[in-house]
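Descriptive structure summary
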Amino acid sequence: MSVLPLVFTSGWASGINAYAVVLLLGVFGATGVTDEVPESLQRTDLLVVAGVLFACEAVADKIPYVDSMWDSVHTVIRPVSGAVVGALLAGQSGSLPDLAAGAVGGSTALASHCVKAGTRMAINSSPEPFSNIIVSTAEDLGVGGIISFAMFYPEAAAIIAAVLLLLGLLILVFLISRIRRFLRRRAQRREEKRIAARLGRPPD
């Protein structure tokens, strides 16, 4: 059976929470739930690091504006993680060239990351913090659920991931105005801080 559905699903999930994907795949492989996960993803030290970083993201991802800063830092990390995981999964099964799997996983992770980051910018345009917590929790549960589902029904999970990605891109188009508003407010806030800092300086 081709590993492509699992590569696609893990790529989509990596764009949202790469550390959760590595942690879950490693745990599923180490416990014998699936044979598709290579031993390199089952290493104890890797799982410990992934668990710590997942905990950090679980906190940072629920704080307004901090979540967008976190997303900015992970603009490279998530697609690279999706590509590496995809290549490792392909190498384990031998049913798909590593380079092709890396391209699928990386590009899918980049697309879902853009949806996540853009949606968070739009959410941060509202003053209340509860929407961040709700959306972040839903994302964590969604990643955990779809990766777990993919262990048993990879094709169905890939279809769900594709639908969610398409819906996310469509929603992002409608949220562009809110994203622009968020960027304008952030630029204005930076300008105000810069002016305040300048005015507060002692005369030369």
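Refer to the structure above for everything that follows.
Because the structure is a prediction, the values reported are computed rather than measured.

As a further point, take the packing of helix H1 (residues 4-30) against helix H2 (residues 44-60). Angle between the axes and distance between the axes: these two values describe a pair of packed helices. For the pair H1 and H2, the least separation of the axes is 9 Å and the interaxial angle reads 145°. H1 and H2 meet at a crossing whose hand is left-handed. Two secondary-structure elements touch here, H1 through Ile16, Asn17, Tyr19, Ala20, Val22, Leu23, Gly26 and Val27 and H2 through Leu46, Leu47, Ala50, Gly51, Leu53, Phe54 and Glu57. In terms of residue class, the contact of H1 with H2 is made up of 11 nonpolar, three polar and one charged.

With their axes 7 Å apart at the nearest point, H1 and helix H4 (residues 98-123) run at an angle of 35° to one another. Pair H1 / H4 crosses with right-handed handedness. Where H1 approaches H4, its residues Leu4, Val7, Phe8, Gly11, Trp12, Ser14, Gly15 and Ile16 are matched on the opposing element by Ala101, Val104, Gly105, Thr108, Ala109, Ser112, His113 and Lys116. Broken down by class, the residue content of the contact of H1 with H4 amounts to eight nonpolar, seven polar and one charged.

Moving on to the environment of Trp70. Positionally, Trp70 belongs in helix H3 (residues 66-93). Sequence separation between Trp70 and Glu57 is 13 residues, and the spatial gap between their C-alpha atoms is 7.9 Å. A polar contact of 2.9 Å, which involves the side chain of Trp70, links it to the side chain of Glu57.

Let's shift gears to a nonpolar patch on the surface. A cluster of nonpolar side chains, namely Val33, Phe149, Phe152, Tyr153, Ile159, Ile160, Val163, Leu164, Leu166, Leu167, Leu170 and Ile171, defines an oily patch on the protein surface of about 1,100 Å² accessible area. Elements with a contribution of two residues or more to the nonpolar patch: helix H5 (130-152) and helix H6 (154-174). Ranked by the residues each element gives to the nonpolar patch, the list is headed by H6, at eight residues. With respect to the helices, strands and loops of the structure, Phe149 is situated in helix H5.

Glancing now at the nonpolar core. Residues Val3, Trp12, Leu25, Val143 and Ile147 are the most contacted members of the largest nonpolar core, which totals 28 residues. Contributions of two or more residues to this core are made by H1, H3, H4, H5 and H6. Top contributing element to this core by residue count: H1, with 10 residues. Not counting residues within four places of it along the chain, the set of residues in contact with Val143 comprises Ala13, Ile16, Asn17, Ala20, Val21 and Leu24.

Calculation criteria
- Residues numbered from 1 in each chain as written.
- Predicted model: local features only at pLDDT ≥ 70, side-chain atom pairs only at ≥ 80, totals over all residues.
- Heavy atoms only, no water.
- Axes fitted to C-alpha atoms, helices over the stretch in contact; angles between N-to-C directions.
- Helix = DSSP H or I, 4+ residues; strand = E, 2+ residues; numbered from the N terminus.
- Left-handed = near helix turned anticlockwise from the far one by under 90°.
- Contact = heavy atoms within 4.5 Å.
- Nonpolar A, V, L, I, M, F, W, Y, C, P; charged D, E, K, R; others polar.
- Polar contact = N/O pair within 3.5 Å; in protein donor to acceptor, adjacent residues only side chain to side chain.
- Patch = residues over 30% accessible without salt bridge, like charges linked within 9 Å, V, L, I, M, F, W, Y side chains within 5 Å.
- Areas by Shrake-Rupley, 256 points an atom, 1.4 Å probe, with all protein chains shown as cover.
- Salt bridge = Lys/Arg side-chain N within 4 Å of Asp/Glu carboxyl O.
- Core = buried A, V, L, I, M, F, W, Y, C linked by side-chain atoms within 4.5 Å.
- Buried < 20%, exposed > 50% of the residue type's maximum accessible area, 1.4 Å probe, protein only.

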